[in-house]
Amino acid sequence: MTPPPSLAGRLIGPIGAAAVLAYAVFAAVQIQVLNPLATMPGYTLQEIHAAVVQRESADTMGWGLMSVALVIGPVIGLIVAVLGVRGRLHAGTVLMIMLGLLSLGSPGYLVASFPAGMTLADTFMVGGADHAPWAIILHAVSTLSILALAGFSIARAARTPRATRG
């Protein structure tokens, strides 16, 4: 029989899962709305998509890859949150997993945004990199999460008695 989860155990999971979901949603908005508008100032989103369709190529704005790449983190976050709320995972473990998911958000964003960036580049003869400045928020969150995860891991290891480490 598992002990009932602590207050921290009941809060960290849902808050972490919400943070991971918010990251994924913001990444999708950055990829499909903010970056295309910044790439082609003066164009509407409808005009940008019409130009992409007119090319009659296999290129798309990468909805499939983007959806798959960005849904993985929230699904894992939801599973971990449920396990944390039910007391199956220790609050510290849940926190470390959520920080790990946020840390992996930056490379996930790069994978998810590649097709859309290349489609914009090919359609409008511009660079395929981000033109909107908002992706820096995603990268900053991932960087801070890596630092927090490292700090938490070091602190946790320092608290663990030597006899139980081996």
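Everything below is about the structure printed above this text.
Nothing here was measured: the structure is a model prediction, and the numbers come from that model.

Quick word on the overall build of the protein chain
From N to C terminus, the protein chain includes seven helices and zero strands. Put simply, the protein chain runs from its N terminus to its C terminus through helices and strands in the order α-α-α-α-α-α-α. For the protein chain, the C-alpha radius of gyration of 20 Å lies well beyond 15 Å, the compact-globule estimate for 166 residues. When its C-alpha atoms are laid out on the principal axes, the protein chain stretches across 65 × 30 × 25 Å. Of all 166 residues assigned to the protein chain, the portion counted as buried reaches 33%. Residue pairs in contact within the protein chain that sit at least 24 positions apart in sequence constitute 81% of those at least 6 positions apart. For the protein chain, the computed accessible surface area is about 9,500 Å², with 73% contributed by carbon and sulfur atoms. When the 8 basic and 5 acidic side-chain charges of the protein chain are each reduced to a single mean position, those positions are 42 Å apart.

Some details on helix α4 (residues 91-103)
Residues spaced three or four apart along an α-helix point in a common direction, a consequence of the helix completing one turn every 3.6 residues. Taking 1.5 Å of rise per residue, 13 residues should cover 18 Å, and α4 covers 18 Å from first to last C-alpha, within 8% of that figure. When α4 is considered as a whole, its buried residues turn out to be Ala91, Gly92, Val94, Met98, Leu99, Gly100, Leu101, Leu102 and Ser103. The secondary structure elements touched by the buried residues of α4 are α1 (7-39), α3 (63-85), α5 (105-124) and α6 (135-159).

Let's talk about the nonpolar core
In this structure, Ile31, Leu70, Met98, Tyr109 and Phe124 are the most contacted members of the largest nonpolar core, which totals 26 residues. Counting only elements with at least two residues in this core, the list comes to α1, α2 (45-54), α3, α4, α5 and α6. Here the element with the most residues in this core is α1; it accounts for six residues. In this structure Tyr109 touches Ala27, Gln30, Ile31, Asp130, Ala135, Leu138 and His139, once residues within four positions along its chain are discounted.

Section: the packing of aromatic side chains
The full count for this structure, using the stated rule, is one aromatic pair. An angle of 80° between the planes, with centres 5.6 Å apart, marks the rings of Tyr43 and Phe124 as edge-to-face. Separated by 81 residues along the polypeptide, Tyr43 in the loop between α1 and α2 and Phe124 in helix α5 bring together distant segments of the chain. For Tyr43, a relative accessible area of 38% translates into the label partly exposed.

As for a nonpolar patch on the surface
Nonpolar side chains collect at one region of the surface, where Val68, Val71, Ile72, Val75, Ile76, Ile79 and Leu83 lie side by side and expose about 550 Å² of accessible area between them. By the secondary structure assignment, Ile76 is in helix α3. Using a relative accessible area of 34% as the deciding quantity, one classes Ile76 as partly exposed.

So, α2
Residues Ile48, Ala51 and Val52 constitute the buried set of α2. The buried residues of α2 occupy an angular sector of 100° when projected down its axis, which confines them to one face. Turned more than 90 degrees away from the buried face of α2, the exposed residues are Gln46, Val53 and Gln54. On its buried face, α2 sits against α1 and α5. Of the residues flanking the end of α2, it is Glu56, one or two places downstream, whose phi is positive at about 50°.

Focus: the side chain of Gln30
Relative to the assigned elements, Gln30 resides in helix α1. A polar atom in the side chain of Gln30 sits 3.4 Å from the side chain of Tyr109. Once residues within four sequence positions are removed from consideration, Gln30 is found in contact with Asn35, Pro36, Tyr109, Asp130, Ala132, Trp134 and Ala135.

Things to note about the side chain of Ser145
Looking at the element boundaries, Ser145 is found in helix α6. What Ser145 contacts, discounting residues up to four positions off in sequence, is Leu99, Leu102 and Ser103.

Cut-off values and rules
Residues numbered from 1 in each chain as written. Predicted model: local features only at pLDDT ≥ 70, side-chain atom pairs only at ≥ 80, totals over all residues. Heavy atoms only, no water. Helix = DSSP H or I, 4+ residues; strand = E, 2+ residues; numbered from the N terminus. Rg over C-alpha atoms; globule rule 2.2 N^0.38 Å. Buried < 20%, exposed > 50% of the residue type's maximum accessible area, 1.4 Å probe, protein only. Contact = heavy atoms within 4.5 Å. Areas by Shrake-Rupley, 256 points an atom, 1.4 Å probe, with all protein chains shown as cover. Lys, Arg positive; Asp, Glu negative; His and termini not counted. Charge placed at Lys NZ, Arg CZ, Asp CG, Glu CD. Expected span 1.5 Å × (residues − 1). Core = buried A, V, L, I, M, F, W, Y, C linked by side-chain atoms within 4.5 Å. Phe/Tyr/Trp six-rings, centres within 6.5 Å; stacked < 30°, edge-to-face > 60°. Patch = residues over 30% accessible without salt bridge, like charges linked within 9 Å, V, L, I, M, F, W, Y side chains within 5 Å. Salt bridge = Lys/Arg side-chain N within 4 Å of Asp/Glu carboxyl O. Arc of directions from axis to C-beta. Polar contact = N/O pair within 3.5 Å; in protein donor to acceptor, adjacent residues only side chain to side chain.

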